[in-house]
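Here's the letter readout for the chains.
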Amino acid sequence: DPRWPEYRTALTAAGISSALGIPMRAGDDWGAVLNFFSPSTEPFTEEVVAGAVIFAEMASKALHLAIKIAASDQRGHDLKAAMENRSIIDLACGIIMAQNRCGKDEAFEILSRASNDRNQKLYLIAQSIVDRVAGPPPRAPHFED
């Protein structure tokens, strides 16, 4: 196809004379193409194209399922991290409440202001407060051979 001379040059250099691209669709937010290549200059037959379309449809379903599983797994990791971060933020708020004799909302406001003023994530500010009060985490024991 003369529309893509660089692509044609790269394929020819790789010994490919024919290419067939079949679109894969499994959702509204993504798309892909399944490419088939041949060293022959003969065009792909209707039978081969029909088989490629069926294969692409099945591959689309498998890819869609893999993406859903990966997204679900990522959400699980994100929720776990959010829960861990929330615990540190709550501890930091408790420390601020004790030090300033204030309520939870005011303590969170102090923490938020510090985050904005220092241009650091809220979690990192909270972690530094907890670390400062609790001390450094204990070192793992070192055993000599």
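Residues numbered from 1 in each chain as written. Predicted model: local features only at pLDDT ≥ 70, side-chain atom pairs only at ≥ 80, totals over all residues. Heavy atoms only, no water.

Caption draft 1: Region of interest: the overall build of the protein chain. Across its full length, the protein chain holds four helices and two strands. Secondary structure of the protein chain in N-to-C order comes out as α-β-β-α-α-α. The C-alpha atoms of the protein chain give a radius of gyration of 29 Å, which is well past the 15 Å a tight globule of 145 residues would have. Principal-axis analysis of the C-alpha atoms gives the protein chain an extent of 80 × 50 × 30 Å. Relative to its 145 residues, the protein chain shows a buried fraction of 21%. (Helix = DSSP H or I, 4+ residues; strand = E, 2+ residues; numbered from the N terminus. Rg over C-alpha atoms; globule rule 2.2 N^0.38 Å. Buried < 20%, exposed > 50% of the residue type's maximum accessible area, 1.4 Å probe, protein only.)

Caption draft 2: Fine view of the layout of surface pockets. Estimates place the volume of the largest pocket at around 260 Å³. Around the largest pocket, the lining is made up of 14 residues, and of these Asp 1, Tyr 7, Arg 8, Leu 11 and Ala 19 lie nearest the centre. Sorting the residues of the lining of the largest pocket by element identifies α1 (5-13), β1 (18-27) and β2 (30-38) as the ones contributing at least two each. Considering only residue class, the lining of the largest pocket consists of seven nonpolar, five polar and two charged. (1 Å grid on protein atoms, 1.4 Å probe; cavity = no way out; pocket = protein on both sides within 12 Å on 5 of 7 lines; lining within 4 Å. Points joined across faces, edges and corners; volume = space filled by probe spheres on them. Nonpolar A, V, L, I, M, F, W, Y, C, P; charged D, E, K, R; others polar.)

Caption draft 3: Structural context of the packing of aromatic side chains. In total, this model carries one aromatic pair according to the counting rule given. Ring centres of Phe 36 and Phe 55 lie 6.4 Å apart, and the angle between their planes is 70°; on these two criteria the pair is classed as edge-to-face. Of the two residues, Phe 36 is situated in strand β2 and Phe 55 in helix α2 (residues 46-100); the sequence distance between them amounts to 19 residues. Given the relative accessible area of 23%, Phe 36 is considered partly exposed. (Phe/Tyr/Trp six-rings, centres within 6.5 Å; stacked < 30°, edge-to-face > 60°.)

Caption draft 4: Examining the packing of α2 against helix α3 (residues 104-118) more closely. At a minimum axis separation of 8 Å, α2 and α3 run at an interaxial angle of 110°. With respect to α3, the element α2 is oriented roughly perpendicular. Of α3, the residues touching α2 (which contributes Arg 86, Ile 89, Asp 90, Ala 92, Cys 93, Ile 96, Met 97 and Asn 100) are Lys 104, Ala 107, Phe 108, Ile 110 and Leu 111. Grouping the amino acids of the contact of α2 with α3 by side-chain chemistry returns nine nonpolar, one polar and three charged. (Axes fitted to C-alpha atoms, helices over the stretch in contact; angles between N-to-C directions. Parallel < 35°, antiparallel > 145°, perpendicular 65-115°, else oblique. Contact = heavy atoms within 4.5 Å.)

Caption draft 5: Seen up close, the nonpolar core. The biggest cluster of nonpolar side chains holds 15 residues, and the ones touching the most others in it are Ile 89, Ala 92, Ile 96, Leu 111, Ala 126 and Ile 129. Of all the secondary-structure elements, those providing two or more residues to this core are α2, α3 and α4 (122-134). Take this core: its biggest share by element is six residues, from α2. Not counting residues up to four positions away in its chain, the partners in contact with Ile 129 are Ala 92, Ile 95, Ile 96 and Leu 111. Among the nonpolar cores identified, the runner-up in size contains seven residues, and Leu 20, Ala 52, Ala 56 and Ala 59 belong to it. (Core = buried A, V, L, I, M, F, W, Y, C linked by side-chain atoms within 4.5 Å.)

Any link to function would need more than the numbers given here.
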